[in-house]
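Survey of secondary and tertiary structure
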Amino acid sequence: MKPSAFPIPAVATVLCLIWIMPIQCCNKALCASDVSKCLIQELCQCRPTDGNCSCCKECMLCLGTLWDECCDCVGMCNPRNYSDTPPTSKSTVEELHEPIPSLFRALTEGESLNQLNWNIVSFPVIEELSHHENLVSFFDSVNQQQPQNVSLPQSGVYVSHSSEKEHMCTVVYFDDCMSIHQCKVSCESMGASKYRWFHNACCECVGPECIDYGSKTVKCMNCMF
């Protein structure tokens, strides 16, 4: 493609993705590849803010599941202020339907294999529960009926107060950034029970002993911001 044929808005967006700080632009770690593909195909050249939405549907189809996170990269929606809500403060979680606990334990027990680019972290379940959004109100309601036990809403798991400190939650962080789809597939392949995908593209696989959705702290070595 000749340089003159590459639209100026597309060039500006690519420059934004590459050189300008993420706080002033879109999430380049997550969006760069797909946005570049859509711009090269010239599927996102119209501007809804100017009343021209002739390409909106084609652009949305091109970005697919990344539309919500990346539409501002191509000027199709209002830009986000990443200084107000950093990507690391938000995440998407999901339970995996066919976990293989024995596989997950085998892959995470003992010394970590550095060549796999994993970061294995274990912490007490009680620490995991302390981050539960509804923990305070839930404990209050349960303690009125059953002072000795706590029943968590996920998966019908019961954990007694006396044994909470004895249980450990093990999670795996992948060093590099990845898409939410790749995160799910990777966690499924290692037998995880759930996964947490941070909106900066950091992926966390959650082990079978975890009661909630693991840790809310980003610990991907090459995907921290």
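The coordinates are above.
A quick note: this is a predicted structure, and the numbers were derived from the prediction, not measured.

Before going further, it helps to examine the overall build of the protein chain. Looking only at helices and strands, the protein chain features eight helices and seven strands. Put simply, the protein chain has 225 residues, and 40% of those count as buried. A fraction of 61% describes how many contacts in the protein chain between residues 6 or more apart in sequence connect residues 24 or more apart. Of the roughly 12,700 Å² of accessible surface on the protein chain, 55% is carried by carbon and sulfur atoms.

Time to look at the side chain of Thr 170. In this structure, Thr 170 sits in strand 5 (residues 168–174). Judged by its relative accessible area of 17%, Thr 170 is buried. A distance of 2.8 Å separates polar atoms of two side chains, one belonging to Thr 170 and the other to Ser 122. In this structure Thr 170 touches Phe 104, Thr 108, Ile 120, Val 121, Ser 122, Cys 205, Val 206, Gly 207 and Cys 210, once residues within four positions along its chain are discounted.

Conventions and cut-offs
Residues numbered from 1 in each chain as written. Predicted model: local features only at pLDDT ≥ 70, side-chain atom pairs only at ≥ 80, totals over all residues. Heavy atoms only, no water. Helix = DSSP H or I, 4+ residues; strand = E, 2+ residues; numbered from the N terminus. Buried < 20%, exposed > 50% of the residue type's maximum accessible area, 1.4 Å probe, protein only. Contact = heavy atoms within 4.5 Å. Areas by Shrake-Rupley, 256 points an atom, 1.4 Å probe, with all protein chains shown as cover. Polar contact = N/O pair within 3.5 Å; in protein donor to acceptor, adjacent residues only side chain to side chain.

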